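Structural overview
Residue-level listing of the chains:
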Amino acid sequence: EDQVTQSPEALRLQEGESSSLNCSYTVSGLRGLFWYRQDPGKGPEFLFTLYSAGEEKEKERLKATLTKKESFLHITAPKPEDSATYLCAVQANGALTFGSGTRLQVQP
Amino acid sequence: GAGVSQTPSNKVTEKGKYVELRCDPISGHTALYWYRQSLGQGPEFLIYFQGTGAADDSGLPNDRFFAVRPEGSVSTLKIQRTERGDSAVYLCASSQGMRETQYFGPGTRLLVL
């Protein structure tokens, strides 16, 4: 059974204080690892897809990396508008298996 | 272009009633997915369609839940004899193909009283 565990459950940062979110996974035949951002009352918004160990992708203050057992979402110099829940998901066939997310709060 | 849309945005019903939730995918997307999200949790897979057929319905919790996609575009999730435990946000996503990036709609918030 595919499993995804995210840590920490919640993270509070000061504006400009860089940090990393962790996503550990077990899956039979990884097709892709996905990061989404979810704001309260909205659907998940796609950020990145990673396909193989060693791959990295960047977008503004966010950088996602992938190893054979985990992925990290690095947030550099965050701003208050980066506050959201960040979801990690793995795909073996069609469906995504999600973790419970990390709730990030960035204070000014 | 237009994203995934879902209607209604909110639905309040009474225990035992029947409800239908609608999803309009991104135009041209052949794959469509339904997920359910409880407070503080990540989305949980229910069913997905490739074209008109259900390719995988292994996430449907029981036979009160049913989904259709008769013309390969719009999909309807149907819940019979609703229970209070069905209260959740029901999310729809679509993708260009089965293993492509899934784009989510805003969800339907279902409350069963």
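Some remarks on the overall build of chain B
Broken down by element type, chain B carries zero helices and 11 strands. Along chain B, helices and strands appear, N-terminal first, in the series β-β-β-β-β-β-β-β-β-β-β. For 113 residues, the compact-globule estimate of 2.2 N^0.38 gives 13 Å, and the C-alpha radius of gyration of chain B, at 13 Å, lies within 12% of that figure. For chain B, the C-alpha atoms occupy an extent of roughly 35 × 25 × 25 Å along the three principal directions. Per-residue burial over chain B gives 46% buried out of 113 residues. Taking all contacts inside chain B whose residues are at least 6 apart in sequence as the whole, residues at least 24 apart take part in 54%.

Thoughts on the interface of chain A and chain B
Listed per partner, the contact involves 20 residues of chain A and 19 residues of chain B. At the junction of chain A and chain B, the tally comes to zero salt bridges. Where chain A touches chain B, the interface holds seven residue pairs in polar contact (both at pLDDT 80 or more). Among the elements that take part in the side of chain A that touches chain B, strand β4 (residues 32-38) of chain A stands out by supplying three residues, more than any other. Its residues assigned to classes, the side of chain A that touches chain B comprises nine nonpolar, nine polar and two charged.

With respect to the nonpolar core
In a soluble, globular protein the nonpolar side chains are often hidden away together inside. Ranked by internal contacts, the top residues of the largest apolar core, which has 22 residues, are Leu 33, Trp 35, Leu 73 and Tyr 86 of chain A. Of the residues forming this core, the biggest block, four residues, is contributed by strand β9 (residues 84-91) of chain A. Once you skip the residues sitting within four places of it in the chain, Leu 73 of chain A turns out to touch Ser 19, Ser 20, Leu 21, Trp 35, Phe 48, Leu 62, Lys 63, Ala 64 and Tyr 86 of chain A. Judged by nonpolar contacts, the second largest core, of 20 residues, contains Leu 46, Phe 65, Ala 67 and Leu 77 of chain B.

Quick word on the sheet that holds strand β3 (residues 19-24) of chain B
Residue and element names in this part refer to chain B. Overall, antiparallel pairing links the four strands, which are arranged β1-β3-β8-β7 in an open sheet. This sheet does not close on itself; its edge strands, each paired only once, are β1 (5-7) and β7 (65-68). For this sheet, the mean angle separating the axes of adjacent strands, direction not counted, is 15 degrees. Sheet analysis places β1 next to β3, joined by three bridges and oriented antiparallel. Bridging across to β3, Ser 5 finds its partner in Asp 24.

Some points on the packing of aromatic side chains
Counted according to the given criterion, the structure contains 12 aromatic pairs over all chains. Seen in terms of ring centroids, Phe 46 of chain A and Tyr 103 of chain B are 6.0 Å apart; in terms of plane orientation they differ by 70 degrees. Their pairing is edge-to-face. In this pair, Phe 46 of chain A sits in strand β5 (residues 45-50) while Tyr 103 of chain B sits in strand β10 (residues 103-104), so the two residues belong to two different chains. When the ring of Tyr 33 of chain B is compared with that of Tyr 35 of chain B, the centres are 6.4 Å apart and the planes differ by 25 degrees; the resulting orientation is stacked. Tyr 33 of chain B gets classed as buried once you look at its relative accessible area, which sits at 0%. A residue is classified by how much of its surface remains accessible, and Tyr 35 of chain B, at 0% relative accessible area, is buried. Taken together through their ring pairs, the aromatic side chains of Phe 34, Tyr 36, Phe 46 and Phe 98 of chain A together with Tyr 33, Tyr 35, Phe 45, Tyr 48, Tyr 103 and Phe 104 of chain B make up a single cluster.

Some details on the side chain of Ser 95 of chain B
One can find Ser 95 of chain B in strand β9 (residues 88-95). Given a relative accessible area of 0%, Ser 95 of chain B falls into the buried group.

Here's the deal with the environment of Pro 43 of chain B
Residue position: Pro 43 of chain B is located in the loop between β4 (31-37) and β5 (44-50). Counting along the chain gives 36 residues from Pro 43 of chain B to Ile 79 of chain B, while the straight-line C-alpha distance between them is 18 Å. Apart from residues lying up to four places away in sequence, Pro 43 of chain B is in contact with Pro 44, Leu 87 and Phe 98 of chain A together with Tyr 35, Arg 36, Gln 37 and Leu 91 of chain B.

Reading the values: rules and limits
Residues numbered from 1 in each chain as written. Chains lettered and ligands numbered in written order. Predicted model: local features only at pLDDT ≥ 70, side-chain atom pairs only at ≥ 80, totals over all residues. Heavy atoms only, no water. Helix = DSSP H or I, 4+ residues; strand = E, 2+ residues; numbered from the N terminus. Rg over C-alpha atoms; globule rule 2.2 N^0.38 Å. Buried < 20%, exposed > 50% of the residue type's maximum accessible area, 1.4 Å probe, protein only. Contact = heavy atoms within 4.5 Å. Salt bridge = Lys/Arg side-chain N within 4 Å of Asp/Glu carboxyl O. Polar contact = N/O pair within 3.5 Å; in protein donor to acceptor, adjacent residues only side chain to side chain. Nonpolar A, V, L, I, M, F, W, Y, C, P; charged D, E, K, R; others polar. Core = buried A, V, L, I, M, F, W, Y, C linked by side-chain atoms within 4.5 Å. Pairing = 2+ DSSP bridges. Axes fitted to C-alpha atoms, helices over the stretch in contact; angles between N-to-C directions. Phe/Tyr/Trp six-rings, centres within 6.5 Å; stacked < 30°, edge-to-face > 60°.

Geometric values such as these leave the question of function open.
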